[in-house]
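Fold and contact review
Each chain is listed here by its residues.
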Amino acid sequence: MDKLVRVLDQQPLVSREWTPENGEKKLIKSVSVKMTDGIDTFVGEATDQLAEVIDKTPLDKDHIHAVQTRIRVNTWKTKDGKEAMSNNITIIKIVEL
């Protein structure tokens, strides 16, 4: 998804461990960014190198940004066996205009 957005909030860089199916633990660095296009407000997550860049040079809340994201639907079973879903928004690229 490509959008023009205004940054509302940026969280500090965090690190967390993740273990993929191969069992090899990885350290994931991420920054959460709350954005709006004037209609929708959403939170995207930048990871690894992009997260480090955003953390070192915070996004300017006074300017419009072009953002490219990937949206994935996560699906799982609840305790009572029902299917549940949520969206995960990953920031691929974000540039100030």
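Because the structure is a prediction, the values reported are computed rather than measured.

1. Let's talk about the confidence of the model for the protein chain
- Put simply, the protein chain has an average pLDDT of 95, and 100% of its residues get 70 or more.
- No element of the protein chain has a lower mean pLDDT than strand 2 (residues 14–18), at 92, and none a higher one than strand 1 (residues 2–10), at 98.

2. Side note on the nonpolar core
- Counting residues in hydrophobic clusters, the biggest one holds 14 residues, and the most contacted among them are Val33, Met35, Ile54, Leu59, Val67, Ile91 and Ile94.
- Broken down by secondary-structure element, the contributors of at least two residues to this core are strand 1, strand 3 (26–36), strand 4 (41–47), helix 1 (48–56) and strand 6 (83–96).
- The contact partners of Ile91, leaving out residues within four places of it in the chain, are Val33, Met35, Gly44, Glu45, Ala46, Leu50, Val67, Gln68 and Thr69.

3. Topic: the environment of Glu52
- Following the sequence through the fold, Glu52 ends up in helix 1.
- What makes Glu52 partly exposed here is its relative accessible area of 27%.
- Between the C-alpha atom of Glu52 and that of Lys29, which follows or precedes it by 23 residues, the distance is 7.5 Å.
- Sequence-distant contacts of Glu52, defined by excluding residues within four places in its chain, comprise Leu13 and Lys29.

4. Points about the pattern of salt bridges
- For the structure on display, the rule yields 4 salt bridges.
- Here Asp37 and Lys3 are joined by a salt bridge, their closest N and O atoms 2.4 Å apart. One end of the pair, Asp37, is in the loop between strand 3 and strand 4; the other, Lys3, is in strand 1, with 34 residues separating them in the sequence.
- What makes Asp37 partly exposed here is its relative accessible area of 27%.
- Where Lys29 meets Glu52, a salt bridge forms, and the shortest distance between an N and an O atom there is 2.7 Å. Of this pair, Lys29 sits in strand 3 while Glu52 sits in helix 1; the two residues are 23 residues apart in sequence, bridging distant segments of the chain.
- What makes Lys29 partly exposed here is its relative accessible area of 27%.

Calculation notes
- Residues numbered from 1 in each chain as written.
- Predicted model: local features only at pLDDT ≥ 70, side-chain atom pairs only at ≥ 80, totals over all residues.
- Heavy atoms only, no water.
- pLDDT = per-residue confidence, 0-100.
- Helix = DSSP H or I, 4+ residues; strand = E, 2+ residues; numbered from the N terminus.
- Core = buried A, V, L, I, M, F, W, Y, C linked by side-chain atoms within 4.5 Å.
- Buried < 20%, exposed > 50% of the residue type's maximum accessible area, 1.4 Å probe, protein only.
- Contact = heavy atoms within 4.5 Å.
- Salt bridge = Lys/Arg side-chain N within 4 Å of Asp/Glu carboxyl O.

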